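# Examination of the molecular architecture
Here is how the chains run, residue by residue.
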Amino acid sequence: MTRRIFLVRHGETDWNLAGRLQGTHDIPLNDLGREQAADTARVVERLSGGARHLDFVASPLSRAAQTMAILRAELGLPPDTFRRDPRLREISFGRWEGSTWPELRRRDPVSLAARDADPWNFAPPGGESYTELSTRVLAAIGELQGDSVVVTHGGVVRAMLHAFAGMPPSEAVELPVRQGAVYLIENGAFELAVA
C-alpha cells in the first residue's frame, strides 16, 4: 500500500469510561472525547504537512462522525463534508454489547473461554469475529483514493494494523487502542503519534 492512512479511533464516550462494550450501539462522545478529537486534528496536520488534500471517511456511528466533524473544524475545513462508510463501523459484540468484561466473565464463562482460546476467529453470540470484521473493513479501505484520514473504532484499528502493518492477530486483538492519537499506516508499518 503506497498511500498513507491517518487512522483515528473516536474520542472517549461514557461507555468507554465505564468499560462497556459499545460495538454497534450509537453512543456519543463525552467532554473528554471532544477534546481528544480536537487533539487529533493537530496531529494529522503535523504528520500530513497540510490536511486539505486528504480524503476523509468515517464510520457512521455518532462517536466516530462527531470525532471527524471536530477534527475537520479544527483544520479549518467544513465539519460535515466527509464520507460515512458503514463498513467502518465497530465490530459487533452482539448480545454482549453494553456489558463489561468482568460481567461477561461471571455471566458467560464458557463463551469467554472459547474467545480466550481463539480471539481472532471467535464471534460473540449474535456478533461477529475479527475475521468477519476484517473482510468488510478491507473492502472499504480498498476504495480509498490517495492519502486518507479514517475515523473509526478500536476493533477496526486492530484489524487494519494486522492487515496493513503485519501485526500478528494474537497481538492485534489484545492491543489497547488509544483515543486522542493517530496511527499513521505507511509502507507496511505504523507509527503512533499523539498531540
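Throughout what follows, the structure given in this document is the object of discussion. Owing to the predicted nature of the structure, the values given are computational and were not obtained by experimental measurement. (Residues numbered from 1 in each chain as written. Predicted model: local features only at pLDDT ≥ 70, side-chain atom pairs only at ≥ 80, totals over all residues. Heavy atoms only, no water.)

### Some words on a nonpolar patch on the surface
On the surface, Phe-190, Leu-192 and Val-194 cluster together into a nonpolar patch covering about 220 Å² of accessible area. If you trace the backbone, Phe-190 turns up in strand 6 (residues 189-194). Since its relative accessible area comes to 33%, Phe-190 is described here as partly exposed. (Patch = residues over 30% accessible without salt bridge, like charges linked within 9 Å, V, L, I, M, F, W, Y side chains within 5 Å. Areas by Shrake-Rupley, 256 points an atom, 1.4 Å probe, with all protein chains shown as cover. Salt bridge = Lys/Arg side-chain N within 4 Å of Asp/Glu carboxyl O. Helix = DSSP H or I, 4+ residues; strand = E, 2+ residues; numbered from the N terminus. Buried < 20%, exposed > 50% of the residue type's maximum accessible area, 1.4 Å probe, protein only.)

### Comments concerning the nonpolar core
Core analysis: the biggest nonpolar cluster contains 33 residues, and Ile-5, Leu-7, Leu-88, Ile-141, Val-150, Met-160 and Leu-161 have the highest contact counts within it. At the level of secondary structure, the elements contributing two or more residues to this core comprise strand 1 (5-9), helix 6 (130-141), helix 7 (154-165) and strand 5 (181-186). Looking at this core, the element that brings in the most residues is helix 7, giving 7 residues. Counting residues in hydrophobic clusters, the runner-up holds 23 residues, among them Val-43, Met-68, Leu-75 and Leu-184. (Core = buried A, V, L, I, M, F, W, Y, C linked by side-chain atoms within 4.5 Å.)

### Concerning the environment of Ala-195
Mapping Ala-195 onto the fold places it in the segment after strand 6. According to the relative accessible area criterion, Ala-195 is exposed, its value standing at 62%. Taking the C-alpha atoms as reference points, Ala-195 and Gly-155, 40 residues apart in sequence, are found 22 Å from one another. The residues touching Ala-195, leaving out its near neighbours within four places in the chain, are Asp-39, Val-43 and Arg-46. (Contact = heavy atoms within 4.5 Å.)

### Re the pattern of salt bridges
Counted by the stated rule, this structure contains 12 salt bridges. The closest approach of N and O atoms between Arg-42 and Glu-74, which form a salt bridge, is 3.7 Å. With Arg-42 in helix 2 (residues 31-48) and Glu-74 in helix 3 (residues 62-74), this residue pair connects regions lying 32 residues apart in the sequence. Since its relative accessible area comes to 46%, Glu-74 is described here as partly exposed. Between Glu-174 and Arg-115 there is a salt bridge, with its nearest N and O atoms 3.8 Å apart. Residue Glu-174 is found in the loop between helix 8 (169-172) and strand 5, and its partner Arg-115 is found in helix 5 (residues 109-117); the two are separated by 59 residues along the sequence. Among the residues examined, Arg-115 registers a relative accessible area of 10% and is labelled buried. Through salt bridges with shared partners, one network takes in Asp-39, Arg-42 and Glu-74.

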